[in-house]
Amino acid sequence: MKKNQFDLEQLKKIADHTLHYAKSIGATASEVELSYGTGKNVSVRLGELETLEINRDKGFSVTLYNGQRKGSSNSSDLSMQSIEDTVEAAFNIARYTAPDPFFDLADKNLMATNMQDLDLYNAWEISIDHMIDLAKTCEASALGVSQKITNSEGASISSSEGIFIYANSHGFMGGYPTSRHSIGCSVIAEEKSMMQRDYWYSSARHVEDLESVESVGKLAGTRTLSRLGAKKIQTCHAPVIFEAPIATGLISSLISAISGGNLYRQSSFLLNSLGEKVASDQLTIEEDPFLLRGDASSMFDDEGVATNSRLLVNQGTINGYLLSSYSARKLGMQSTGNAGGAHNLIVKTGNENLKDLIKQMHKGLFVTELLGHGINMVTGDYSRGAAGFWVEDGVIAYPVEEITIAGNMKDMLKQILAIGNDVYRNGSKHTGSILLESMSIASS
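Residues numbered from 1 in each chain as written. Predicted model: local features only at pLDDT ≥ 70, side-chain atom pairs only at ≥ 80, totals over all residues. Heavy atoms only, no water.

For the chain, the name recorded in an unreviewed UniProt entry is Metalloprotease PmbA, with Candidatus Methylopumilus universalis as its organism.

Asker: Whenever I open this one, the environment of lysine 40 confuses me. Can you help?
Answerer: Mapping lysine 40 onto the fold places it in strand β1 (residues 29–45). For lysine 40, a relative accessible area of 21% translates into the label partly exposed. (Helix = DSSP H or I, 4+ residues; strand = E, 2+ residues; numbered from the N terminus. Buried < 20%, exposed > 50% of the residue type's maximum accessible area, 1.4 Å probe, protein only.)

Asker: Can you help me understand the packing of helix α3 (residues 128–143) against helix α4 (residues 213–226) in this one?
Answerer: When two helices pack together, their arrangement is given by the angle between their axes and by how far apart the axes lie. The contact between α3 and α4 brings their axes to 7 Å, and the two run at 35°. Between α3 and α4 lies a crossing whose hand is right-handed. Each of Leu134, Thr137, Cys138, Ser141 and Ala142 in α3 lies in contact with α4, whose residues at this interface are Val213, Glu214, Val216, Gly217, Lys218 and Gly221. Partitioning the contact of α3 with α4 into residue classes produces 5 nonpolar, 4 polar and 2 charged. (Axes fitted to C-alpha atoms, helices over the stretch in contact; angles between N-to-C directions. Left-handed = near helix turned anticlockwise from the far one by under 90°. Contact = heavy atoms within 4.5 Å. Nonpolar A, V, L, I, M, F, W, Y, C, P; charged D, E, K, R; others polar.)

Asker: Sorry, what's going on with the UniProt feature "domain: Metalloprotease TldD/E C-terminal" (unreviewed entry) in the chain here?
Answerer: If you check UniProt for "domain: Metalloprotease TldD/E C-terminal" (unreviewed entry), the listed places come out as residues 236–442 in our numbering. Here residues 236–442 runs as 19% helix and 33% strand, with 6 Å between its end C-alpha atoms. (UniProt positions renumbered as here; feature names shortened; annotations may be inferred.)

Asker: Looking at this structure, how should I read helix α8 (residues 354–361)?
Answerer: Looking only at α8, the buried set comprises Leu357, Ile358 and Met361. Across the axial projection of α8, the buried residues extend over an arc of 100°, all falling on one side. Away from its buried face by more than 90 degrees, α8 exposes Lys355 and Lys359. Elements in contact with the buried residues of α8: β7 (236–242), β12 (364–371), β13 (381–392), β14 (395–408), β15 (416–419) and β17 (434–443). Here α8 starts with a cap whose side-chain oxygen sits 3.1 Å from the backbone nitrogen of lysine 355, and that cap is asparagine 353. Histidine 362 lies just past α8 and shows a positive phi near 70°. (Arc of directions from axis to C-beta. Polar contact = N/O pair within 3.5 Å; in protein donor to acceptor, adjacent residues only side chain to side chain.)

Asker: What's the story with the packing of aromatic side chains in this structure? I'm lost.
Answerer: Aromatic ring pairs are defined here through the distance separating the ring centres and the angle between the ring planes. In this structure the tally under the stated criterion is 12 aromatic pairs. On the numbers, 6.4 Å between centres and 80° between planes, the contact of phenylalanine 242 with tyrosine 382 is edge-to-face. Taken as a pair, phenylalanine 242 in strand β7 and tyrosine 382 in strand β13 lie far apart in primary sequence, 140 residues in all. Judged on exposure class, the residue phenylalanine 242 and its partner tyrosine 382 are both buried. The cationic tip of lysine 231 hangs over the ring face of tyrosine 398; the distance from NZ or CZ to the ring centre is 4.4 Å. (Phe/Tyr/Trp six-rings, centres within 6.5 Å; stacked < 30°, edge-to-face > 60°. Lys NZ or Arg CZ within 6 Å of the ring centre and 35° of its normal.)

Asker: Explanation requested: the sheet that holds strand β6 (residues 194–204) in the structure shown.
Answerer: Backbone-to-backbone hydrogen bonds join strands into a sheet, with any given pair of strands oriented parallel or antiparallel. Strand order in the open sheet made by the 6 strands is β3-β2-β1-β4-β5-β6, with antiparallel pairing throughout. Every other strand in the sheet has two partners, leaving β3 (69–75) and β6 as the edge strands with one partner each. Direction aside, neighbouring strands of the sheet carry axes that sit 20° apart on average. Relative to β3, strand β2 (residues 48–66) is paired through 7 bridges, and the arrangement is antiparallel. Along β3, the bridge assignment pairs threonine 63 with serine 72. In this fold helix α1 (residues 8–24) packs onto β1, β2, β4 (149–168) and β5 (173–191), with an angle of close to 55° to the strand it touches most, β4. (Pairing = 2+ DSSP bridges.)

Asker: Before we go on, may I ask you to explain α1 in this structure?
Answerer: Residue pairs three or four apart in sequence face the same way in an α-helix, which turns once every 3.6 residues. Under the 1.5 Å per step criterion, the end-to-end length of α1 is 24 Å for 17 residues, consistent within 8% with the ideal 24 Å. Where α1 is concerned, the buried positions are Leu11, Ile14, Ala15, Thr18, Leu19, Tyr21 and Ala22. Mapping the buried residues of α1 onto a view down its axis gives an arc of 165°, with all of them on the same face. Exposed residues on α1 whose side chains face more than 90 degrees from its buried face are Lys13, His20, Lys23 and Ser24. On its buried side, α1 packs onto β1, β2, α2 (80–96), β4 and β5. Between the side-chain oxygen of the N-cap and the backbone nitrogen of glutamate 9 there are 3.2 Å, and the N-cap of α1 in question is aspartate 7. One or two residues past the end of α1 sits glycine 26, with phi positive at roughly 115°. (Expected span 1.5 Å × (residues − 1).)

Asker: What exactly am I supposed to notice about a nonpolar patch on the surface here?
Answerer: A cluster of nonpolar side chains, namely Leu49, Leu52 and Ile54, defines an oily patch on the protein surface of about 300 Å² accessible area. Checked against the element boundaries, leucine 52 lands in strand β2. (Patch = residues over 30% accessible without salt bridge, like charges linked within 9 Å, V, L, I, M, F, W, Y side chains within 5 Å. Areas by Shrake-Rupley, 256 points an atom, 1.4 Å probe, with all protein chains shown as cover. Salt bridge = Lys/Arg side-chain N within 4 Å of Asp/Glu carboxyl O.)

The structure is reproduced here in structure tokens:
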């Protein structure tokens, strides 16, 4: 981290003071998280600077326990007086909340002790002027794909870095610096008074892992151009391919259904699924918290519990849930180190590339965009607006739009025929495109 910023040692001292002060005023247990981050973002449109943002954020949150009562408070002021005021506010809240027998810190024997460097920090020493130049180059690359690309929603470059500490009264304290950089571009194509837009972006913790600005722009332009001439299609049932970037949504829905909050609230279509086969043999998902430079890599979760690599789904069978300490107690189980969510989900792919999947599908819908949020987590019913391409005889025939796809997640998971090796890595869920046997497709 640069000078005049908080470093790990400073945040550790503040965390230690917080925990001691919480104990001194009567808290039976306490936990604290502190963070400090900086970032800069530029966007250009049609070759001109449109926005320039520079931010610097501080955060402090504390949770205190008074027996089985809990109170939380937060502040952006890291002065000692503000911290003590925030601790007292949390303790006062805890005095008046209803007791819950499941309130407490995560079990002490589950705290992480092995702290490895997962290479999550890489500062990008870049000037604002250079960021602007890169954004202009990215946009120019997109506009240069075709004269049919007549307008732009802009190109952007962003870079952020931060540091955080989590500590609790078990004696656990851990934290590390992180960084995130991204390039994005969105343009508009026009033909016969009909317009289409699309985009592309690249995101990574290390600058060297980003796609080039030229390739991001070119792909944004190519994707936009390919959508010109979109048609509607007749209502039917047909195979569907979810392109890798949106196939991550299917994985997210599955993970939500086996996560503690939805399970103990009985609001999941996969209740009591542990050890059950809920998907086709094609679906295997590994959770890898130790992936170097991973988007969701960490040696511990949001409660200090040690993370573990594991097979969440093995050839369609659920091997484990994702539980925090609270949801685990509600279910009579043990925390899985997932307070805060999953840690890098890696979907096993086949040997087929996207072209092979399209050929295998032979006739059906290749979905590249979804609209709206259309899944009922209780029943699994799924319905989304969509756009993409119609496939005939194993090749893309023409773009389609204004359609709705529908099914039920319980059926969709079992109808996975293949997962392509065109793995999408912009995020914490890595998957290739997913081919489903059949869905309902309706013209909007």
